[in-house]
Amino acid sequence: MAHLARRLGVPDAVVVGLGSMLGAGVFVVFAPAAASAGAAGLLLALALAGFVAFCNATSSARLAARYPESGGTYVYGRERLTPFAGFLAGWGFVVGKTASCAAMALTIGAYLWPGQARLVAVGAVLAVTGVNLRGIGKTAAATRLLVALTLAVLATVAVTGATFGGLSVARLGDLGDTGVRGVLTAAGLLFFAFAGYARIATLGEEVRDPERTIPRAVPLALGIVLLIYLTLAVVALGVLGADRLAAADAPLAEVVTAAGLPGLAWVVRAGATVAVTGVLLSLLAGVSRTLLAMARRRDLPGALAAVHPRYHVPHRAELAVAGVVTGVVALGDVRGAIGFSACTVLVYYAITNAAALTLGRDRTRRLPVQLLAALGLVGCLVLAVNLPLTSVLAGFGVLALGATWYALRRHVRP
């Protein structure tokens, strides 16, 4: 079996995680989450999503250190639970994240050239795939640059909104009118913004000293992103209020416009394009690694298990993902894809936590890792079923199709 090269250290792994998370939440998710939960409910939902993500991150880090190979929960489910659990996790991840890739590509098109969004989206997919095909080192280097530019733009938005936007604490609202269902729905949508830390685990075969690197990189990347999200959520709500935020197509551009500096809106739009490109870069890399792992075990066609002899990347899997994403772009819808992806990815992490529960207690850690795994398992399932009904039906419907394929394949080829 051909193996991938281990080239990523802790800083590179953190950057890959940041590149996966920054962008999806800041530039896309706040508006529908505010529509579901209101002002104070949005902040509460963000804290809840962050806590569930932390539970999942702890479980992911433990499992990735034990099984440092490509595939993430697809591998953990197979090794710790059953082959079917692993397949369901891998299927949900591949399908959900493929939809996410299409949504991110369409977001790039919408910001760069609204009149030709789909054409630009296809170009973005092809360009990012070209970078990934040159090797994981090129992916990490490109992501590092994109993250630096994104952080600069987000800092500009936060400072501008807080200084000139007339930020009012009163706009943050109170909990009186916040319904539990609204908070849970918003938390499920916001969880979509945190899911990027799994990219570190799916790249486990390309991380140096994974037993040390992964447990450090995952919570560090998650903690940085949670702090950034909380800061921007407070600024956006404090400047715009819940109703205006919920109606905004480009919430952070709306913040600088409300601050009386509409000339900065183009900077924010450029920053959104950069950030989402970073997300797309890491997403495509992560999905292709899961395809590689599934193909190695013949849960998908074995031809996808090929590793390029020079660049040491799963080039056939990357090209296959790019082809599917390009097709989905023709039918894609950004907000619909968020809910669908969140549903399947929450099921993915529920399986992650179930697998982590089989590891037993870890005396080397101060955290109650078994309790966190149990809370993560329950939290993922609760958030998944409280997403918008169309997202729940679509997500579980696709998972059922995958389960049917698995059963038929096992029946035909026992």
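Residues numbered from 1 in each chain as written. Predicted model: local features only at pLDDT ≥ 70, side-chain atom pairs only at ≥ 80, totals over all residues. Heavy atoms only, no water.

Thoughts on the overall build of the protein chain
Our working rule: Helix numbers and strand numbers start at the N terminus; a helix is a DSSP run of H or I with at least 4 residues, a strand a run of E with at least 2. The reference for a compact globule is 2.2 Å times residues^0.38; the radius of gyration itself is calculated from the C-alpha atoms. Partly exposed residues are those whose accessible area sits between 20% and 50% of the maximum for their type, while under 20% is buried and over 50% is exposed, using a 1.4 Å probe and protein chains only. Contacts are assigned to residue pairs with any non-hydrogen atoms lying within 4.5 Å of each other. The accessible surface values rely on the Shrake-Rupley method and a 1.4 Å probe; as for residues, cover is taken only from the protein chains in view. For this count, His and the chain ends are skipped, Lys and Arg are scored as positive, and Asp and Glu as negative. Charged side chains are reduced to one point each, which is NZ for Lys, CZ for Arg, CG for Asp and CD for Glu.
Each helix and strand in the protein chain was counted, giving 15 helices and zero strands. Here the C-alpha radius of gyration of the protein chain, 20 Å, is about what a compact globule of 414 residues would show, namely 22 Å. Taking the principal axes of its C-alpha atoms as reference, the protein chain extends roughly 65 × 45 × 40 Å. Considering the protein chain as a whole, with its 414 residues, one finds that 59% of them fall into the buried category. Sequence-distant contacts, at least 24 apart, represent 83% of the contacts inside the protein chain between residues at least 6 apart. Accessible area of the protein chain: about 15500 Å², with a carbon and sulfur share of 66%. Considering the protein chain, the positive charge centre built from 33 side chains and the negative charge centre built from 16 side chains are found 8 Å apart.

Details of the pattern of salt bridges
Applied cut-off: Basic side-chain nitrogens of Lys or Arg form a salt bridge, by our definition, when they fall within 4 Å of a carboxyl oxygen of Asp or Glu.
For the structure on display, the rule yields four salt bridges. Between Arg289 and Glu318 there is a salt bridge, and its shortest N-O distance comes to 2.5 Å. Residue Arg289 is located in helix 11 (residues 265–296), and its partner Glu318 is located in helix 12 (residues 315–329); the two are separated by 29 residues in the primary sequence. Given a relative accessible area of 0%, Arg289 falls into the buried group.

Side note on helix 12
Stated formally: Expected span of a helix, by definition, is 1.5 Å for each gap between consecutive residues, and there is one gap fewer than residues. The reported arc concerns the directions from the helix axis to the C-beta atoms and nothing else.
Compared with the 21 Å implied by 1.5 Å per residue over 15 residues, the 21 Å span of helix 12 between its first and last C-alpha is a close match. Of all the positions in helix 12, only His315, Ala317, Glu318, Val321, Ala322, Val325 and Val329 are classed as buried. Taken down its axis, helix 12 places every buried residue within 155° of arc, on the same side.

Re the environment of Tyr74
We apply this condition: As used in this structure description, the phrase polar contact means that two N or O atoms lie within 3.5 Å; if the pair is within protein, one of them must be able to donate a hydrogen and the other to accept it, and residues adjacent in sequence are counted only when both atoms belong to side chains.
Structurally, Tyr74 is set in helix 3 (residues 73–81). Beyond its immediate stretch of four places on either side in the chain, Tyr74 contacts Gly86, Phe87, Ala89, Gly90, Thr290, Ala293, Met294, Arg297, Asp299 and Tyr348. Among the polar contacts made by the side chain of Tyr74, one reaches the side chain of Asp299 at a distance of 2.6 Å.

So, the state of the cysteines
Note the following rule: A pair of sulfur atoms, both from cysteines and within 2.5 Å, is called a disulfide here.
Going through the model one piece at a time under the given rule, you end up with zero disulfides. Here Cys55 stays free of any disulfide, with the sulfur of Cys380 as its closest cysteine sulfur at 8.4 Å. Not engaged in a disulfide, the cysteine Cys343 finds its nearest cysteine sulfur in Cys380; these two sulfurs lie 11 Å apart. Taking the relative accessible area as the measure of exposure, Cys343 reaches 0% and is therefore buried.

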